[in-house]
Amino acid sequence: MTNSDWPLYEVFVRSKRGLNHVHVGSLHAPDDAMALRHARDVYTRRSEGVSIWVVRSDTITASSPGEKDPLFAPSGDKVYRHPTFYDIPDNVPHM
Amino acid sequence: MNDDHDSAYAGLLVDDAHWAFGEAAHDDPLAGMDTSIPAGVDATELASYCLELGDDALVLAHRLSEWCGRAPDLEEDIALSNIALDLLGQARLLLTRAATADPSVVPPLPDGSPVPPEDALAFFRDDHQFRNTNLVELPNGDFAETICRVLVWATYRLALFERLAAHPDGVVRAVAAKGVKELAYHRDFAAQWFVTLARGTEESRRRLHTGLAQVWGYRHQRGEDAVAEAVLAEVLAAAGVAAPDVGPVATSSHTEHLSRMLAEMQVVARAHPRGRW
């Protein structure tokens, strides 16, 4: 059997101790509601998550590997953009 | 950036929560629970009731596990296995409760056998000693039939477990409280697929009707339940499916299907009654 007719979805899970949803993988599902259930069954079997997002893969606009240099190389030599010259107070979380 | 926030899998092994019921429950599913018999409760009746509920879960868990590796796709394969594992968990707790309430229900094993009571009940009873309904022992049909069976069974089981919150035995109450969350998902999963198949293709609708007709008559085998009937009526209405014209099938002795299922399920355990697993 094949589910090649079903659209591909990307799955994002927020873990118990996580602050943001993290991409964990992809799956096939016939519709959005079923994609959420599939994500629950495939990616949260070991108590990984407290929240799930699913989004159809074909709705994602992605950068192309061929554009890597024009997009990302120019920031490589601009070390002054990193906030490494500041002391971050201990009581500022999640930095 | 803390590494924990980059991975959904970080922080899983921080305590013994990765054991289904805590690490102690690996050997004893009721570890830490008060298993004394409450005043006014008949221990023999309690054991018998726990065997009924436990056997339903055990037999359906085995039927669903037969889908493992054979479901229409990977996602459904895992979904059905997840449901099977939830039900196996319910069976472990209930069979263990039956054994603590009335040890005489546990079949005798050879001296020196390390087999715990829950396994002795699951693997060393004969077919006629099982208390499950016919609904769960019927052989698997196609995916639509399984969806119909899970829908009917989980709807009835959930309605029952919600009422068991008032059961006099604390262990039964705890099993029910845990099971309600599991069954709510099983029912939701099956209902979602029921509606999807009903509104799918001519073929999916035909298979759904056939599957529903096969299981519909068995749904009252633990007694008719108005709450469950109302939920089923709602799902059928949402799917635009008429209830099959099938009369109730009275609970009868087990079919040969249970015997064949148990032969496969029990053969290894029975061949090695002193085995450690």
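For the structure itself, look to the data block above.
The present account deals with the structure reproduced in this document. These numbers were taken from a predicted model, which means no experiment stands behind them.

**Some remarks on the environment of Pro-74 of chain A**
1) Next: Position of Pro-74 of chain A relative to the elements: it lies in the segment after α2 (68–72).
2) Next: With 69 residues separating them along the chain, Pro-74 of chain A and Asp-5 of chain A place their C-alpha atoms 41 Å apart.

**Section: the nonpolar core**
1) Next: Core analysis: the largest hydrophobic core is formed by 88 residues, its most contacted members being Leu-87 and Phe-194 of chain B.
2) Next: The residues touching Phe-194 of chain B, leaving out its near neighbours within four places in the chain, are Ile-147, Cys-148, Leu-151, Leu-208, Leu-212, Val-235, Leu-236, Ala-239 and Val-241 of chain B.

**Observations regarding the packing of helix α6 (residues 170–198) of chain B against helix α8 (residues 226–239) of chain B**
A pair of packed helices can be characterised by two numbers: the angle between their axes and the separation between those axes.
All names here are of chain B.
1) Next: Contact geometry of α6 with α8 gives a least axis separation of 8 Å together with a crossing angle of 30°. The angle between α6 and α8 falls in the class roughly parallel. The handedness of the crossing between α6 and α8 comes out as right-handed. Here Arg-187, Ala-191, Phe-194, Val-195 and Ala-198 of α6 come into contact with α8, specifically with Val-231, Val-235, Leu-236, Ala-238 and Ala-239.
2) Next: Across the contact of α6 with α8, the residue classes break down as nine nonpolar, no polar and one charged.

**Some details on the side chain of Ser-113 of chain B**
All names here are of chain B.
1) Next: Of note, Ser-113 is situated in the loop between α2 (74–101) and α3 (117–123).
2) Next: A polar atom in the side chain of Ser-113 sits 3.3 Å from the backbone nitrogen of Val-115.
3) Next: In contact with Ser-113, other than residues within four places in its own chain, are Pro-273 and Arg-274.

**Observations regarding the pairing of strand β2 (residues 22–28) of chain A**
On a regular strand, each side chain points to the face opposite its neighbour's, so the side chains alternate between the two faces of the sheet.
All names here are of chain A.
1) Next: In this structure, strand β1 (residues 8–15) lies alongside β2, joined through six bridges in antiparallel fashion. Bridge pairing in β2 places Leu-8 opposite His-28.
2) Next: Counting the residues in the hairpin turn of β1 and β2 gives six residues.

**Some thoughts on the pattern of salt bridges**
Opposite charge on two side chains permits pairing when their charged atoms draw close.
Residues and elements named next belong to chain B.
1) Next: Under the counting rule described, the total for this entry stands at 19 salt bridges over all chains.
2) Next: Across the pair Glu-229 and Arg-219 runs a salt bridge, and its minimum N-O distance is 2.9 Å. Remark: Arg-219 occurs in the loop between α7 (202–216) and α8 and Glu-229 occurs in helix α8; sequence separation between them is 10 residues.
3) Next: In the salt-bridge network here, residues are joined through shared partners; they are Asp-142, Glu-203, Arg-206 and Arg-207.

About the criteria used
- Along every chain, residues carry numbers that run from 1 in the direction the sequence is written.
- Lettering for chains starts from A, numbering for ligands starts from 1, and both go in the order in which the items are written.
- Only residues with pLDDT of at least 70 are given local features in this predicted model, and only at 80 or more are side-chain atom pairs given and counted; all residues enter the totals for whole chains, interfaces and linings.
- To obtain the side-chain values, all non-hydrogen atoms of the structure were included, while hydrogens and water were left out.
- A helix here means a DSSP run of H or I that spans at least four residues, while a strand means a run of E at least two residues long, and both kinds are numbered starting from the N terminus.
- For our purposes a nonpolar core is just a set of buried Ala, Val, Leu, Ile, Met, Phe, Trp, Tyr and Cys residues, chained together by side-chain atoms within 4.5 Å.
- Throughout this description, buried means an accessible area under 20% of the type-specific maximum (1.4 Å probe, protein chains only), exposed means over 50%, and partly exposed covers the range between.
- Note on contacts: a residue pair qualifies if any of its non-hydrogen atoms lie within 4.5 Å across the two residues.
- To obtain each axis, a line is fitted to C-alpha atoms, and for helices this fit is confined to the stretch in contact; angles are then taken between N-to-C directions over 0 to 180 degrees.
- By definition in this entry, angles of less than 35 degrees are roughly parallel, angles greater than 145 are roughly antiparallel, angles of 65 to 115 are roughly perpendicular, and the rest are oblique.
- Note: crossing handedness is left-handed where the near helix turns anticlockwise from the far helix by less than a right angle, and right-handed where it turns clockwise.
- The residue classification treats Ala, Val, Leu, Ile, Met, Phe, Trp, Tyr, Cys and Pro as nonpolar and Asp, Glu, Lys and Arg as charged. All others, Gly included, are polar.
- Here a polar contact is taken to be a pair of N or O atoms separated by no more than 3.5 Å, where protein atoms must pair a possible hydrogen donor with a possible acceptor and residues adjacent in sequence count only if both atoms sit in side chains.
- At least two DSSP bridges between two strands are needed for those strands to be called paired.
- In the sections that follow, a salt bridge refers to a side-chain nitrogen of Lys or Arg positioned within 4 Å of a carboxyl oxygen of Asp or Glu.

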